[in-house]
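Architecture and fold: a report
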Amino acid sequence: MDGDFGLLTPKELLTKDVQELKEIVKTRKKEKEKSEKDKPVEKKRGRAEPAGDKPVIVADHDVTTLEGHSSEVFVCAWNPKRNLLASGSGDSTARIWQIPDGRCGRTSMKNLDKPVVLKHVNKSLEKSKDVTTLDWNSEGTHLATGSYDGQARIWTVDGIQTCTLSKHKGPIFSLKWNKMGTHLLSGSVDRTVVVWDVETGEAKQQYELHSAPTLDVDWRNNTSFASCSTDKTIQVCELGNAEPLRSFKGHKDEVNAIKWDPSGKLLASCSDDCTTKIWSMDSYKCMWTLTDHEKEIYTIKWSPTGPESDNPNRDLVLASASFDATIKLWDVERGECLRSLTKHTDPVYSVAFSPDGKFLASGSFDRNLHIWSVSDGKLVRTYKGNGGIFEVCWNKDGSKVAACFSNNTVAVMDFI
């Protein structure tokens, strides 16, 4: 099955047994062969990236490779204040790596300190403690991790576990701090969403609004949030209210991810129905259904631009990444595809905008980490690793990009 990871999602790798995975792979191989055979030659909607100058190819010796995990590394995230990188793996650990100042590469690897290893111990559950999600608080003082054992944990940067949050009865797939750092939000396979009081470690409120597993959660502000589920719905809730502020329905298959724009007025969602939808909190309606992708859409990200962002004078853009191996950049004012980025050859699992919103990093199971110019869609830099990529992320000043791989490693490369 080693060569077939590209046909599977991280969610499936975590939740399905080997026989189920084999059946999924078998089915998707047949679908892929049929679609390639029957697919007509057609022009892509949206402007494709220009041929132009060739991208900079980043060599292995210019990349810092972080080794130590003994299983796939599913998630990674930079500390918002320091050059610390957190990674989470199927080996039941998260790790905090101190990335040296200066250029990445084999030389800098000699100066690497040993990472802080965060062991996820659960005496009542000896297996399946995979770290499925993690998030830093806005001050960069604490890291929260979510695990397949249904527990969330809070750690200091020195690796001291300050709290274990136990309420869920199934794997946690999404975990987010609010901006103030007073509450954590978690979504689980047990169909519920929990808001945690970080100071006390107690569950402040548990929401049972979905009829199937919760796949993603995202704060709108410090007290309201959204959640999405395999039940095809999105719930928008306010802390203190038992009933949702709004239920958004319209997707025809499970909703994989949701993200609020910087203003909190627009909510984007993506689904296995091959569409992305933009929902308005002013009108409580779906503004746009974006239909240019040909296969399931795994993730979406807003640019850090537009009203109420750090870059208010630049236009707001939405990026979507799909199993069809493409990334689309969207003008959400007009509901149009600005650009179609088509250099990947396998499903794209992760995209991330640089802090200034001028560049987009993408990671695929074709092993390529690509960096694109948002303004013209040009591929400006690329690195080919030794495994499929689950997640990509930028450090606080946009000078470095990290990616985590299926071959148990994390790679860090310079951009500036």
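The following refers to the structure shown. (Residues numbered from 1 in each chain as written. Predicted model: local features only at pLDDT ≥ 70, side-chain atom pairs only at ≥ 80, totals over all residues. Heavy atoms only, no water.)

**A short note on the environment of aspartate 356**
Within the fold, aspartate 356 resides in the loop between strand 28 (348–353) and strand 29 (359–364). In this structure aspartate 356 comes out as partly exposed when scored by relative accessible area, which is 29%. Spatially, the C-alpha atom of aspartate 356 lies 8.5 Å from that of serine 303, the residues being 53 residues apart in sequence. Contact partners of aspartate 356, with chain neighbours within four places excluded, come to Pro304, Thr305, Asn311 and Arg314. Polar contacts involving the side chain of aspartate 356 include one to the side chain of serine 354, which spans 2.7 Å. From its side chain, aspartate 356 meets the backbone nitrogen of lysine 358 in a polar contact 2.9 Å long. (Helix = DSSP H or I, 4+ residues; strand = E, 2+ residues; numbered from the N terminus. Buried < 20%, exposed > 50% of the residue type's maximum accessible area, 1.4 Å probe, protein only. Contact = heavy atoms within 4.5 Å. Polar contact = N/O pair within 3.5 Å; in protein donor to acceptor, adjacent residues only side chain to side chain.)

**Quick word on the packing of aromatic side chains**
Per the counting criterion, the structure on display carries 12 aromatic pairs. Ring geometry for phenylalanine 248 versus tryptophan 279: centroids 4.7 Å apart, planes at 20°, classification stacked. Taken together, the positions of phenylalanine 248 in strand 19 (residues 246–249) and tryptophan 279 in strand 22 (residues 276–280) put the pair 31 residues apart, joining distant regions of the chain. Exposure remark for phenylalanine 248: the relative accessible area of 3% places this residue in the buried category. The rings of Phe74, Tyr298, Phe323, Tyr349, Phe365 and Phe390 are connected pair by pair, giving a single aromatic cluster. (Phe/Tyr/Trp six-rings, centres within 6.5 Å; stacked < 30°, edge-to-face > 60°.)

**Some details on the nonpolar core**
Proteins that are soluble and globular tend to have nonpolar side chains buried together. In this structure, Leu66, Trp78, Leu85, Ile99, Trp136, Leu143 and Val412 are the most contacted members of the largest nonpolar core, which totals 32 residues. Where this core is concerned, the elements lending two or more residues are strand 4 (73–78), strand 5 (84–89), strand 6 (93–98), strand 8 (131–136), strand 32 (389–394), strand 33 (400–405) and strand 34 (410–414). (Core = buried A, V, L, I, M, F, W, Y, C linked by side-chain atoms within 4.5 Å.)

**Focus on unusual backbone geometry**
Of note, glutamate 308 is a non-glycine position whose phi angle comes to about 65°, a positive value. You can see glutamate 308 is positioned in the loop between strand 24 (297–302) and strand 25 (317–322). Given a relative accessible area of 59%, glutamate 308 falls into the exposed group. Phi at asparagine 408 is positive, roughly 80°, even though this residue is not glycine. Checked against the element boundaries, asparagine 408 lands in the loop between strand 33 and strand 34.

**Some remarks on the sheet that holds strand 6**
Spatially, four strands are ordered 4-5-6-7 in an open sheet, and the strand pairing comes out antiparallel. Lying at the two open borders of the sheet, with one neighbouring strand each, are strand 4 and strand 7 (116–119). Direction aside, neighbouring strands of the sheet carry axes that sit 20° apart on average. The pairing of strand 6 with strand 7 spans four bridges and is antiparallel. Along strand 7, the bridge assignment pairs isoleucine 96 with valine 116. (Pairing = 2+ DSSP bridges. Axes fitted to C-alpha atoms, helices over the stretch in contact; angles between N-to-C directions.)

**Comments concerning the state of the cysteines**
Between two cysteines, a covalent bond joining their sulfur atoms is known as a disulfide. Tallied over the entire structure, the rule returns zero disulfides. In this structure cysteine 76 is a free cysteine whose sulfur lies 3.6 Å from that of cysteine 393, the closest cysteine sulfur available. Taking relative accessible area as the criterion, cysteine 76 reaches 3% and is therefore assigned buried. (Disulfide = S-S within 2.5 Å.)

**Looking at the side chain of aspartate 190**
One can find aspartate 190 in the loop between strand 13 (183–188) and strand 14 (193–197). No salt bridge is formed by the buried aspartate 190, whose closest oppositely charged neighbour, lysine 169, lies at an N-O distance of 6.4 Å. Side chain to side chain, aspartate 190 and histidine 168 meet in a polar contact 3.1 Å long. Separated by 2.8 Å, the side chains of aspartate 190 and threonine 192 make a polar contact. Beyond its immediate sequence surroundings of up to four residues, aspartate 190 is in contact with His168, Lys169, Gly170 and Gln206. (Lys, Arg positive; Asp, Glu negative; His and termini not counted. Salt bridge = Lys/Arg side-chain N within 4 Å of Asp/Glu carboxyl O.)

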